Structures are given as C-alpha cells and as structure tokens.
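# Examination of the molecular architecture
Read off the chains here:
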Amino acid sequence: MSTLLDTRITELLGCKYPIIQTAMGWVADPKLVAATGNAGGFGFLAGATIPPEQMEANILEVKSLTDANFGVNFHMYQPNAAEIIDLVIKHGVKAVSYSRSPGKEMVARLKEAGVVCMPTVGLPKHAIKAVEMGADAVAVQGGEGGGHTGAIPTTLLLPQVVDAVGDKVPVLGAGGFKDGRGLLAALAYGADGIAMGTRFLLTKESPVPEATKQRYLACKDPGAIIRSEALDGLPQRMILNDFLSELEKAGPLKKLIIALRNGLAFRKFTGASMTSLLRSALAMTSSGDITKSQAIMAANAPMIIQKAMVDGRPDEGVLPSGQVAGVIDELLSCEDLIRSIVDEAESRFAKMGNA
Ligand SMILES: Cc1cc2nc3c(=O)[nH]c(=O)nc-3n(C[C@H](O)[C@H](O)[C@H](O)COP(=O)(O)O)c2cc1C
C-alpha cells in the first residue's frame, strides 16, 4: 500500500515487514520462527537454552517449514557460543542476535560470512559500543520488556538510541509493543521497526503449554508484571505469581529450600554434598552472606522457568514477561497478528496524513 513499512531493516534482513519476533528461551522454537517468517516478519530461534546438536536440528527444521530468512540468538557466555557461530555460518543463517557482544573477532567472522549482527542493547552507550564492535543493526529494549531488562522505558530510550547510532545503523524498538499503533509510534521516533517477545509468546504457534498461556492472558494488570532480582540476581521482568512472591520475600535459607525443592541443580553447580550445603546455608544466614544463596538460586533458574514454560505448571515456576502481557487479551496466529499490525499501522498513518 505505502512504502511506510519498507525500512532499512526490511532491506537488511530481507523480510517483508519491519516486525521482528525476538528470541525467547524455551519459546522461540522452529515452528514459531517459521510461522513468523511465513507471515512476512523475521524470527529469531532461541539458542541460549538448548544443546548445539539440537540447534542444528532446529535450523534445519525452520528451513523445512519456510523459505523466509530467519536468525539465531545466543550469548557470548554460553559454553557453546563458538559452535553456534559455526552452525550459523555453515547453514547460511541470515542474522544473529545477542545481548552481550561475542567479541570483535567473532563479530568479524560472522560479518565476513555475510551474517547480519543485531545485538539487543539497554542503554545508548551500549548501542554506541555495539556499533563500534561491528553491529549491523541494534534492537533497543526498554524496561517494560520481558526477560532480563533495564529500568528506562522504551519511550525515553528509543529516541536516545536513534540519536546516538541511527545515522549509522537501523534501530529497532523493543519492549511494550503489540500492535500497529506501537509500530507507527516507533517509526515516528525514528526507528526502523519493532521487535516483540511477549506478543509472539502469546500466539497460537508458540509452544508454551495452554495452561501457561492462559495464566499470561489472565493477568490484566501491567503493574503486576514486576522487575525482580530474586531469580538469578539480575533484574528480570516476570508476572508476580505466588511463586515469585515467595521468592521475593525469601531470605538465604528459604532460597536454598526453594532450590532444593526445585530439583537439586545446585549440586551439579557446587559439587557439594547435601549436608555440607545445608551447613553452609546455615552459616550463610548467620554471616549475612547472600551471594552464595543467590548463586545457588541462579543455578536453578532454568529449571524453575521450565516448570512454567515447558511443563505447563504456571504456579510452580516463574513467568518471564513484558508488561504488555497485561493488555493482551487473545491468542492470535502469527499470520493474523502480523496482518493486523500492518493494517493498523497503515490505516492510522493514512488518517494522520489526512488530518
Ligand atoms: C519468556 C521470555 C524469554 C526470553 N528469553 C530471552 C533469551 O533467551 N535471550 C534474549 O536475548 N532475550 C530474551 N527475552 C527478551 C526478548 O527477546 C525481548 O527482547 C523482549 O521480550 C521484548 O519485550 P516485550 O516482551 O515487551 O516484547 C525473553 C523474553 C521473554 C518474555
């Protein structure tokens, strides 16, 4: 209809619309990524929470389901980061996203192979650094976004990042987007498109079990989707369910008990026996050393997230989510979601032009 939605990002990623489905651990699987691509968006596979052999199978599965371009997400601290990069290059994956840069040499290797490097950043200075390291585009996530997130809202952060690096690389707004109004607003801020996590989690194709999706939909208050450090020591946005409330209030000993209840992953982490762990936990409470307890909790975080996101028990685990879940009422197919965003952005834009 218009060239409104042909931006630098659609050109760079080779997709129809400037609508990106971001990587989400345990959520962004091949079917979701392919459905996004088939609907004209661009999807990223989650690579931080799966073994490399499964990553290769996932890449091949996306390719069997769509001809659309797609990307892979990973983070530099995961032990298999180099293997993921090898797979991306081997299979000609179009783009990678990451939240901490894999280092100049790795970025150079990816770029030499023609892979688009698109980190997520949370501050203008990180955007500048990412571009210096070779990023081809940046997604900037405001504090209302899901998963690990900063404190500054998208409305303040996005224009700052556009001013800082927008003349060099395309910028995507992330955090709090769900519809065509949001896309148009992002474009008005000077962005080249939007990246959404939570809205894609709440689609028909998302692999999250139905009981957990319904728990997200039942949350009608964006204020009840809080930023908490209780899970792994870093601010992460999650729906405040009973489990998270318990975690928020828990002292070091209680955290250890919760960790124990959640499958003893910490034993692998510390190599310690149960008795010695309990002894050190008791010592911890008297010395006020919370760091060790937090580390044990962090080691358990993946298992706790999986309870909700994979096993379908939303009250027994945590629910990483953007605040936008509080204003999402229904599950849509990726096709209907992207079509409605495009239609709304174009019709509102037309109306504004005629006002
Ligand atoms: C369930 C969930 C899991 C996430 N996992 C990851 C991840 O593994 N890697 C990552 O870079 N970002 C992750 N994020 C952040 C998203 O990629 C995205 O930046 C964020 O959801 C954008 O905000 P929105 O939820 O308001 O759309 C996750 C977000 C959610 C909701």
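All of the points below concern the structure found in this document. None of the values given here were measured: they were computed from a predicted structure.

### Overview of the overall build of the chain
- When helices and strands are counted, the chain shows 16 helices and 12 strands.
- Burial status across the chain gives 48% buried among its 355 residues.
- Residue pairs at least 24 apart in sequence account for 64% of intrachain contacts in the chain once pairs closer than 6 positions are excluded.

### Side note on the packing of helix α3 (residues 52-65) against helix α4 (residues 81-90)
- Contact geometry for α3 and α4: axes closest at 10 Å, N-to-C directions at 20 degrees. When the axis of α3 is compared with that of α4, the two are roughly parallel. Both α3 and α4 take part in a crossing whose hand is right-handed. Taken together, the residues of α4 that come into contact with α3 (itself represented by Pro52, Met55, Glu56 and Ile59) are Glu83, Ile84 and Leu87.
- Its residues assigned to classes, the contact of α3 with α4 comprises 5 nonpolar, no polar and 2 charged.

### Here's the deal with the sheet that holds strand β6 (residues 120-121)
- If you walk across this open sheet you meet the 9 strands as β5-β4-β3-β2-β1-β10-β9-β7-β6, and the pairing is parallel. Because the sheet does not close on itself, it has two edges, and the strands there are β5 (116-117) and β6.
- Running at roughly 165 degrees to strand β7 (residues 138-141), helix α6 (residues 124-132) makes contact with β6 and β7 of the sheet.

### Notes on the site of the ligand
- In the neighbourhood of the ligand, 28 residues make up the surrounding shell, with Gly145, Gly146, Gly147, Gly197 and Gly322 lying closest.
- Broken down by element, the shell around the ligand gets its largest block of residues, 3 residues, from helix α9 (residues 198-201).
- Partitioning the shell around the ligand into residue classes produces 11 nonpolar, 15 polar and 2 charged.

### Some words on helix α10 (residues 210-218)
- Buried within α10 we find Thr212, Arg215 and Tyr216. One face of α10 carries all of its buried residues, which in axial projection span an arc of 100 degrees. Away from the buried face of α10 by more than 90 degrees, exposed residues Glu210, Gln214 and Ala218 are located.

### A few points about the packing of helix α2 (residues 30-38) against α3
- Relative orientation of the contacting elements α2 and α3 amounts to 35 degrees, with a least axis distance of 9 Å. By crossing handedness, the relation of α2 to α3 is classed as right-handed. Here Pro30, Lys31, Val33 and Ala34 of α2 lie close against α3, whose contacting residues are Asn58, Glu61, Val62 and Leu65.
- Its residues assigned to classes, the contact of α2 with α3 comprises 5 nonpolar, 1 polar and 2 charged.

### Focus: the nonpolar core
- Val138, Val140, Val161, Leu172 and Ile194 are the most contacted members of the largest nonpolar core, which has 100 residues in total.
- There are two domains that each give this core at least three residues, and those are domain 1 (8-205 + 333-354) and domain 2 (210-309).
- Apart from residues no more than four positions distant in its own chain, Ile194 is found in contact with Pro18, Ile19, Ile20, Leu172, Gly173, Ala174, Phe177, Gly182, Leu183 and Ala186.

### Some thoughts on the pairing of β7
- By the alternation rule, side chains of β7 split into Val138 and Val140 and Ala139 and Gln141, which are all buried.
- With 2 bridges joining them, β6 and β7 adopt parallel strand pairing. Within β7, the position partnered with Val121 by the bridge is Val140.
- Regarding the hand of the β-α-β motif, the stretch spanning β6, α6 and β7 is right-handed.
- As paired strands, β7 and strand β9 (residues 171-174) are joined by 4 bridges and run parallel to one another. Directly across from Gln141, in β9, lies its bridge partner Ala174.

### Notes on the sheet that holds strand β12 (residues 236-239)
- Read across the open sheet, the 3 strands follow the order β8-β12-β11; overall the sheet is antiparallel. One side of each edge strand has no neighbouring strand; the edge strands of this open sheet are β8 (147-148) and β11 (225-228).
- Examined bridge by bridge, β11 and β12 share 4 bridges and lie antiparallel to one another. Within β12, the residue paired with Ile225 across the bridge is Ile239.

### A short note on the environment of Leu244
- Within the secondary structure, Leu244 sits in helix α11 (residues 242-249).
- Given 20 C-beta atoms within a 10 Å radius, Leu244 is considered buried.
- Sequence-distant contacts of Leu244, defined by excluding residues within four places in its chain, comprise Ser228, Ala230, Met238 and Val318.

### A few points about the environment of Ser228
- By the element assignment, Ser228 lies in strand β11.
- In this structure, the C-alpha to C-alpha distance between Ser228 and Ile239, residues 11 residues apart in sequence, is 9.7 Å.
- Every residue in contact with Ser228, bar those within four places of it in the chain, is listed here: Gln236, Met238, Leu244 and Glu248.

### Observations concerning unusual backbone geometry
- Of note in this structure, Trp26 is not a glycine but carries a positive phi near 65 degrees.
- With respect to the helices, strands and loops of the structure, Trp26 is situated in the loop between β1 (19-21) and α2.
- Judged by C-beta crowding, with 19 C-beta atoms within 10 Å, Trp26 ranks as partly exposed.

Each value, and the rule that gives it
- Residues numbered from 1 in each chain as written.
- Predicted model: local features only at pLDDT ≥ 70, side-chain atom pairs only at ≥ 80, totals over all residues.
- Helix = DSSP H or I, 4+ residues; strand = E, 2+ residues; numbered from the N terminus.
- Buried ≥ 20, exposed ≤ 12 C-beta atoms within 10 Å, placed from the backbone.
- Contact = placed C-beta atoms within 7 Å.
- Axes fitted to C-alpha atoms, helices over the stretch in contact; angles between N-to-C directions.
- Parallel < 35°, antiparallel > 145°, perpendicular 65-115°, else oblique.
- Left-handed = near helix turned anticlockwise from the far one by under 90°.
- Nonpolar A, V, L, I, M, F, W, Y, C, P; charged D, E, K, R; others polar.
- Pairing = 2+ DSSP bridges.
- Near = placed C-beta within 6 Å.
- Arc of directions from axis to C-beta.
- Core = buried A, V, L, I, M, F, W, Y, C linked by C-beta atoms within 7 Å.
- Domains from an automatic or database assignment.
- Right-handed = clockwise from strand over helix to strand, strands pointing away.

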